Amino acid sequence: MTPTASEIRSRIAADPLWFPRVVLGRTYWSKQAEMYRGLHAHSTVAAKGGQSVGKTKGIGDYVAEIAATRPGRKIVLVGPKFEQIERNLWGAVREAFHDAERRGAPLGGRLMATEWRAPKDEGWIAVAGANREESLRLGHGEGFTVVVDEATSFPAWAWRAVNGMLASEGAQLIVSFNPTDATDRTRMLCDDPTTAVYTLSCLDHPNVTSGENVYPGAVVRKWVDDFRAGLKSGKF
């Protein structure tokens, strides 16, 4: 028997990793799992990490989860360039929707090219980019989750638009970036005691620590070794 939305929310409340593990079939590494739990627990989250460590996949799974299980939620995926968000973060969200359907647990709603709509339009996911100013005119009100990806390159005027979406009850801000490129805005967020900060370092990833391809598609030790060698030689 398919569980009701209320039963699903109860299971998630008892175990925040239930949805990615059972519905999507995910196996997260330790820091990725820690970040996912934090997304459930905090209204402002900063996820710092290097290349291919699972930040985007974990956040994409979370977005799919709350879209499907929290009626009325309005979710904005935004970054410096619309096309980059469409390809990466929105791609991760779409993958989660398709994976759930393949596993016999369709999440419902209408999945379109760059948006998702809940039944009866009770909630939605929209893709936006600072290079398309009109895409950020999404209004405001209760129940917004805003995910800012590649946050170090996000312009000041666009941050003001995001702040307007976060003005009401129940808002959540998720910021993702590479810590090597930290800006005043991302430093300020991470220094704020109300921000939950999670660091997903390449050096801690199981593929790197073990030297084995434990998580296919994720960062590997050779990439880290080559990058270090390039730093020493002045190549990077």
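Remember, predicted model here, so these are calculated numbers, not experimental data. (Residues numbered from 1 in each chain as written. Predicted model: local features only at pLDDT ≥ 70, side-chain atom pairs only at ≥ 80, totals over all residues. Heavy atoms only, no water.)

### Side note on the overall build of the chain
Formally: Counting from the N terminus, the helices are the DSSP runs of H or I reaching at least four residues and the strands are the DSSP runs of E reaching at least two. Only C-alpha atoms enter the radius of gyration, while the globule expectation follows 2.2 Å times N to the 0.38, with N the number of residues. Three labels apply to residues, based on accessible area from a 1.4 Å probe with only protein chains included: buried if under 20% of the type maximum, exposed if over 50%, partly exposed otherwise in between. We call two residues in contact whenever any of their non-hydrogen atoms come within 4.5 Å of each other. For this count, His and the chain ends are skipped, Lys and Arg are scored as positive, and Asp and Glu as negative. One atom stands in for each charge, and that atom is NZ of Lys, CZ of Arg, CG of Asp or CD of Glu.
In terms of regular secondary structure, the chain is built from 10 helices and eight strands. A compact globule built from 236 residues should have a C-alpha radius of gyration of about 18 Å, and the chain, at 18 Å, falls within 12% of that. For the chain, with 236 residues in total, the buried portion stands at 44%. Taking the intrachain contacts of the chain between residues at least 6 apart in sequence as the baseline, contacts between residues at least 24 apart amount to 66%. Here the chain holds 30 positive side-chain charges and 27 negative ones, and the gap between their average locations is 2 Å.

### A closer look at the packing of aromatic side chains
Defined as follows: We call Phe, Tyr and Trp rings a pair once their centres come within 6.5 Å, taking the six-membered ring for Trp, and we label the pair stacked below 30 degrees between planes, edge-to-face above 60, and tilted otherwise.
Counting across every chain of the model gives six aromatic pairs. Here Phe97 and Trp116 contribute two aromatic rings whose centre-to-centre distance is 5.5 Å and whose plane-to-plane angle is 45 degrees, an arrangement assigned as tilted. Of this pair, Phe97 sits in helix α6 (residues 89-102) while Trp116 sits in strand β4 (residues 115-117); the two residues are 19 residues apart in sequence, bridging distant segments of the chain. Relative accessible area serves as the criterion here: at 6%, Phe97 is assigned to the buried category. Since its relative accessible area comes to 1%, Trp116 is described here as buried. Considering the side-chain rings of Trp124 and Phe144, the 5.7 Å spacing of their centres and the 80 degrees angle between planes classify their relative orientation as edge-to-face. Placement of the pair is Trp124 in strand β5 (residues 124-129) and Phe144 in strand β6 (residues 144-148), with a sequence separation of 20 residues.

### Brief notes about the packing of helix α3 (residues 30-41) against helix α4 (residues 55-69)
As a reminder, the rule being used: Think of each axis as a best-fit line through the C-alpha atoms, taken over the contacting stretch in the case of a helix, with angles from 0 to 180 degrees between the N-to-C directions. Handedness of a crossing follows from how the near helix is turned relative to the far one, being left-handed for an anticlockwise turn of less than a right angle and right-handed for a clockwise one. For this classification, the nonpolar set comprises Ala, Val, Leu, Ile, Met, Phe, Trp, Tyr, Cys and Pro, the charged set comprises Asp, Glu, Lys and Arg, and every other residue, Gly included, is treated as polar.
Interaxial distance between α3 and α4 falls to 10 Å at its minimum, and their mutual angle equals 35 degrees. Between α3 and α4 lies a crossing of right-handed hand. Where α3 abuts α4, its residues Gln32, Met35, Tyr36, Leu39 and His40 lie against Lys55, Lys57, Gly58, Ile59, Asp61, Tyr62 and Glu65. Of the residues in the contact of α3 with α4, the class split is five nonpolar, three polar and four charged.

### A closer look at the state of the cysteines
Two cysteines whose sulfur atoms are joined by a covalent bond form what is called a disulfide. The line we're drawing: Sulfur atoms of two cysteines make up a disulfide when they are within 2.5 Å.
As enumerated under the stated definition, the model contains zero disulfides in all. Take Cys190: it sits in no disulfide, and the sulfur closest to it among the cysteines is that of Cys202, at 17 Å. Taking the relative accessible area as the measure of exposure, Cys202 reaches 11% and is therefore buried.

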